[in-house]
Amino acid sequence: MTPPRRERRLPGADVGDPERLYVITGGPDGAERASLDLVTMIVAREAPSPTVPPEQAAILRLCGAPLSVAELSAYLRLPFSVVTALLTDLLTTDLVESRAPVARAALPDRSLLEAVMHGLQKL
C-alpha cells in the first residue's frame, strides 16, 4: 500500500485566474481607491443584503468584529489589491467603516518600573 501523495502548491495558486480577479473588482474604472494599508481595521456597519456581490458579502460577514485588511486578504485568499478594490466599493456605500489600528501606548521608563517593583517588594 502506497501512502497518499501530497501535491505541491505553487505560490499564488489559490488566487485564481486573472480574468476572475478582473471581474471581481469590476475592472479598471479609473476611480481612486481608498488609502488602506495592511493594518487598517475594517468593521461592518450592516449585514449583507441579497444584492451585494458574493465577495463583498463575505467581507461583511467576516467584519462583524474588526479585522485588518491583511486578515481579510488571507481569509478570502485574494490579493491585497483586489481586497482594497472591494473595500473601496463598500466604503463608498457606507457598508463598512475603516479605522486606524490602535497604537500601543509608549512603555514607561525601565528605571521607573524597577523602582516600583523594588518598592512593592519592600512592603
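In this text, all values refer to a predicted model and were calculated from it rather than measured experimentally.

Chemist: I'd love a proper account of the packing of helix α3 (residues 69–76) against helix α4 (residues 80–92), names of residues and values included.
Modeler: As a packed pair, α3 and α4 sit with axes 9 Å apart at the nearest point and diverge in direction by 110°. Considering the angle they form, α3 stands roughly perpendicular to α4. Contact residues: α3 offers V69, L72 and S73, while α4 offers F80, V83 and L87. Tallied by class, residues from the contact of α3 with α4 come to 5 nonpolar, 1 polar and no charged.

Chemist: Please give an account of the packing of helix α2 (residues 54–62) against α3 that cites residues and values.
Modeler: Here α2 crosses α3 at 125°, and the two axes come no closer than 11 Å. The angle between the axes of α2 and α3 places the two elements in the oblique class. As α2 runs across α3, the sense of the crossing is right-handed. For the pair α2 and α3, contact is made by A58, I59 and L62 and by L72, Y75 and L76, respectively. Its residues assigned to classes, the contact of α2 with α3 shows 6 nonpolar, no polar and no charged.

Chemist: How would you sum up the sheet that holds strand β2 (residues 67–68)? Please name residues and give values.
Modeler: The strand order β2-β1-β3 describes an open sheet built from 3 strands, whose pairing is antiparallel. Of all the strands in the sheet, the pair left with one neighbour each is β2 and β3 (96–99). Where strand β1 (residues 41–44) lies against β3, 4 bridges are found, and the strand directions are antiparallel. Paired with V43 across the two strands is E97, which belongs to β3.

Chemist: Break down the environment of L95 for me, citing the residues and quoting the values.
Modeler: In this fold, L95 is placed in the loop between α4 and β3. Taking C-alpha positions, L95 is 6.1 Å from A44, a pair spaced 51 residues apart along the chain.

Chemist: Describe the confidence of the model for the chain, naming the residues involved and giving the relevant values.
Modeler: Mean pLDDT over the chain stands at 78; residues scoring 70 or higher make up 67%. With pLDDT under 50 throughout, residues 7–14 is counted as low confidence; its partners more than four residues away or in other chains account for 2 contacts.

Chemist: Quick one: what's the story with the nonpolar core, residue by residue and with numbers?
Modeler: Membership of the largest hydrophobic core comes to 19 residues, with the highest contact counts inside it found for I42, I59, L60, C63, L72, L87 and L90. Contributions of two or more residues to this core are made by β1, α2, α3 and α4. Take this core: its biggest share by element is 5 residues, from α4. Setting aside residues up to four positions removed in sequence, L72 forms contacts with I42, I59, L62, C63, L67, V83 and L87.

Chemist: Outline α3, supporting the account with residue identities and numerical values.
Modeler: V69, L72 and S73 are the residues of α3 that are buried. Taken end-on, α3 shows its buried residues confined to a sector of 100°, consistent with a single buried face. Summarising the geometry of α3, the exposed residues directed more than 90 degrees from the buried face are A74 and Y75. Lining the buried residues of α3 we find β1, α2, β2 and α4. Downstream of α3 by one or two residues, R77 has phi in the positive range, about 55°.

Rules used in this analysis
Residues numbered from 1 in each chain as written. Predicted model: local features only at pLDDT ≥ 70, side-chain atom pairs only at ≥ 80, totals over all residues. Heavy atoms only, no water. Axes fitted to C-alpha atoms, helices over the stretch in contact; angles between N-to-C directions. Helix = DSSP H or I, 4+ residues; strand = E, 2+ residues; numbered from the N terminus. Parallel < 35°, antiparallel > 145°, perpendicular 65-115°, else oblique. Contact = heavy atoms within 4.5 Å. Nonpolar A, V, L, I, M, F, W, Y, C, P; charged D, E, K, R; others polar. Left-handed = near helix turned anticlockwise from the far one by under 90°. Pairing = 2+ DSSP bridges. pLDDT = per-residue confidence, 0-100. Core = buried A, V, L, I, M, F, W, Y, C linked by side-chain atoms within 4.5 Å. Buried < 20%, exposed > 50% of the residue type's maximum accessible area, 1.4 Å probe, protein only. Arc of directions from axis to C-beta.

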